[in-house]
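# Breakdown of the fold
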Amino acid sequence: MEFVAHSTDQVMPSQRSSHWNRVIAETYFPLQLAYRDAASFTGTLERREMGSVSLSRLATQPMQYERRPTHISHTREEEYLITVPRRSPVEFKQLGREVRCDPGGFILERGDEPYRFAYADPNELSVLKISKKSLAEKVRDPDRFCAHTIDSRMGLPSLFTSMMEQMHSLPLTAGRAAEVLGRQMVEVLALVLDEAAGEDSQVRTAVRSGHLRRAEQVIRKHLSNPALSPEFVADACGISKRYLHELFGDTNQTVSQFIRDERLIAARDLIGSSPALSMAEIAYRFGFCDQAQFSRLFKAKFDRPPTEWRKHGSVAA
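All of these numbers come straight from a predicted model, not from anything done at the bench.

## Considerations on the overall build of the protein chain
When its secondary structure is counted, the protein chain shows 12 helices and 12 strands. Compactness check: the protein chain gives a C-alpha radius of gyration of 21 Å against a globular reference of 20 Å for 317 residues, within 12% of the reference. Considered along the principal axes of its C-alpha atoms, the protein chain spans approximately 65 × 45 × 35 Å. Going through the 317 residues of the protein chain one by one, you find that 47% of them count as buried. Taking the intrachain contacts of the protein chain between residues at least 6 apart in sequence as the baseline, contacts between residues at least 24 apart amount to 69%. Split by element, the accessible area of the protein chain, about 15,400 Å² in all, is 50% carbon and sulfur.

## Topic: the side chain of E216
Take E216: it is sitting in helix α6 (residues 206-221). What makes E216 buried here is its relative accessible area of 4%. At a separation of 2.6 Å, a polar atom in the side chain of E216 contacts the side chain of R140. Once residues lying within four places of it in the same chain are set aside, the contact partners of E216 are R140, F248 and F258.

## Some remarks on unusual backbone geometry
Although it is not a glycine, D141 adopts a positive phi angle of roughly 50°. As for its placement among the helices and strands, D141 is situated in the loop between α3 (132-136) and β12 (150-151). Here D141 falls in the partly exposed class, since its relative accessible area comes to 47%. Its identity is not glycine, yet D303 carries a phi of approximately 65°, on the positive side. The residue D303 is located in the loop between α11 (291-302) and α12 (306-312) in this model.

## Here we look at the sheet that holds strand β5 (residues 63-67)
Through backbone hydrogen bonds, the strands of a sheet pair up, either in parallel or in antiparallel fashion. Spatially, five strands are ordered β2-β5-β10-β7-β8 in an open sheet, and the strand pairing comes out antiparallel. Only two strands of the sheet have a single partner each, and these edge strands are β2 (32-35) and β8 (97-101). Here the average twist between neighbouring strands, direction ignored, is 15°. Pairing geometry for strand β7 (residues 90-94) and β8, over five bridges, is antiparallel. Among the inter-strand pairings, V90 is bridged to a residue of β8, identified as C101. Along the sheet, helix α1 (residues 16-27) makes contact with β2 and β5, crossing β2 at roughly 140°.

## A look at the packing of aromatic side chains
Applying the stated rule across the entire model yields 14 aromatic pairs. Between the aromatic rings of F92 and Y115, the centroid separation amounts to 5.3 Å while the plane-to-plane angle is 50°, which identifies the pairing as tilted. Of the two residues, F92 is situated in strand β7 and Y115 in strand β10 (residues 115-119); the sequence distance between them amounts to 23 residues. Judged by its relative accessible area of 2%, F92 is buried. Look at Y115 and you get buried, because its relative accessible area is 4%. Considering the side-chain rings of F288 and F294, the 5.2 Å spacing of their centres and the 45° angle between planes classify their relative orientation as tilted. Residues F288 and F294 agree in their burial class; the two are buried. Among the aromatic residues, those joined into a cluster by ring pairs are Y65, F92, Y115, F117 and Y119.

## Notes on the state of the cysteines
In the structure shown here, the tally under the stated rule is zero disulfides. With no disulfide of its own, C146 lies closest to C101 among cysteine sulfurs, the gap being 13 Å. According to the relative accessible area criterion, C146 is buried, its value standing at 0%.

## Points about the pattern of salt bridges
A pair can form between side chains of opposite charge whenever their charged atoms are brought close. Applying the stated rule across the entire model yields 27 salt bridges. A salt bridge links D102 to R100; the shortest N-O distance between them is 2.9 Å. R100 gets classed as partly exposed once you look at its relative accessible area, which sits at 47%. E231 is the partner of K241 in a salt bridge, and the nearest nitrogen-oxygen pair spans 3.0 Å. Linking K241 in helix α8 (residues 241-249) with E231 in helix α7 (residues 230-237), this pair joins segments that are 10 residues apart in sequence. Through salt bridges with shared partners, one network takes in E78, R110, D112, E113, K132 and D143.

## Quick word on the packing of helix α9 (residues 255-273) against α11
Close contact between α9 and α11 brings their axes to 10 Å; oriented N to C, the two are set at 90°. In terms of their interaxial angle, α9 and α11 are classed as roughly perpendicular. Contact residues: R260, D261, L264, I265, A267, R268 and I271 in α9; F294, L297, F298, K301 and F302 in α11.

## A word on the packing of α7 against α8
Helix-helix packing is described using two parameters, namely the angle between the two axes and the distance between the axes. The interhelical angle for the contact between α7 and α8, taken along N-to-C directions, is 100°, at an axis separation of 9 Å. For the element pair α7 / α8, the angle class is roughly perpendicular. Across the interface between the two elements, P230, E231, V233 and A234 of α7 pack against K241, L244 and H245 of α8. Classifying every residue of the contact of α7 with α8 by side-chain character gives four nonpolar, one polar and two charged.

The rules behind these values
- Residues numbered from 1 in each chain as written.
- Predicted model: local features only at pLDDT ≥ 70, side-chain atom pairs only at ≥ 80, totals over all residues.
- Heavy atoms only, no water.
- Helix = DSSP H or I, 4+ residues; strand = E, 2+ residues; numbered from the N terminus.
- Rg over C-alpha atoms; globule rule 2.2 N^0.38 Å.
- Buried < 20%, exposed > 50% of the residue type's maximum accessible area, 1.4 Å probe, protein only.
- Contact = heavy atoms within 4.5 Å.
- Areas by Shrake-Rupley, 256 points an atom, 1.4 Å probe, with all protein chains shown as cover.
- Polar contact = N/O pair within 3.5 Å; in protein donor to acceptor, adjacent residues only side chain to side chain.
- Pairing = 2+ DSSP bridges.
- Axes fitted to C-alpha atoms, helices over the stretch in contact; angles between N-to-C directions.
- Phe/Tyr/Trp six-rings, centres within 6.5 Å; stacked < 30°, edge-to-face > 60°.
- Disulfide = S-S within 2.5 Å.
- Salt bridge = Lys/Arg side-chain N within 4 Å of Asp/Glu carboxyl O.
- Parallel < 35°, antiparallel > 145°, perpendicular 65-115°, else oblique.
- Nonpolar A, V, L, I, M, F, W, Y, C, P; charged D, E, K, R; others polar.

Quick look at the structure:
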């Protein structure tokens, strides 16, 4: 687990604002920062790399962060920030929506759209950074959750924010363990957002949303079942195959594509967590009878063959 720490304590007052601008850009992405008093500004930031995600904690005096169109024009990968205020409220504006998030909640910020984020009192923030590609593997259309406050005072949201807080105090963990911990946070976040989607009547009608979530759950539960197919899923959900295809049509993905992608994701995770299993065993476990086809599909989705993934994980080779 890579660990990086920054502080303004040893930086000359005249250089603190430019120093902090660089720290924020390196940790998240370029932003326009506004300080109440740049000369007296103080801040600390710690970052841990955990596989496909990074977790950071920062404490600063009142600040405003602005993501402008000029920052986005050079963006190569879409990313999200999940931000948990710990000491004081934050104000956030994006996609035409303005929200206030108090301690006890969290918000999603979309990195490839302009936004403004600010707090008027000293604050401490926990921030999870994740690529859109990684989150979209677990949650359909994550953009719909941006600029909405999610209450984390109880239930699954509370578990998620508690995990983030506990990770900050854990001893540094390297290699596969760090990747597994990062993956677990994403899994819990996906459960939280899935629950939030079910409670939001604006996402889609409750009936269609419920049927679609149940169909996805059936698929994920039976990924190693060779009989898994659209017919199998429709029967398990008590709906027609035609209606099942309509549900997945809302997601711009076919049922068969979803099954294949979920099997590839499950195979990738098993490759990372079970080094004793051969590639053939893993491929066959998830319905890929042709190893060449499995390797080709795996590389198309994750940009490297399964053998390279086992060797290097989510770190670029």
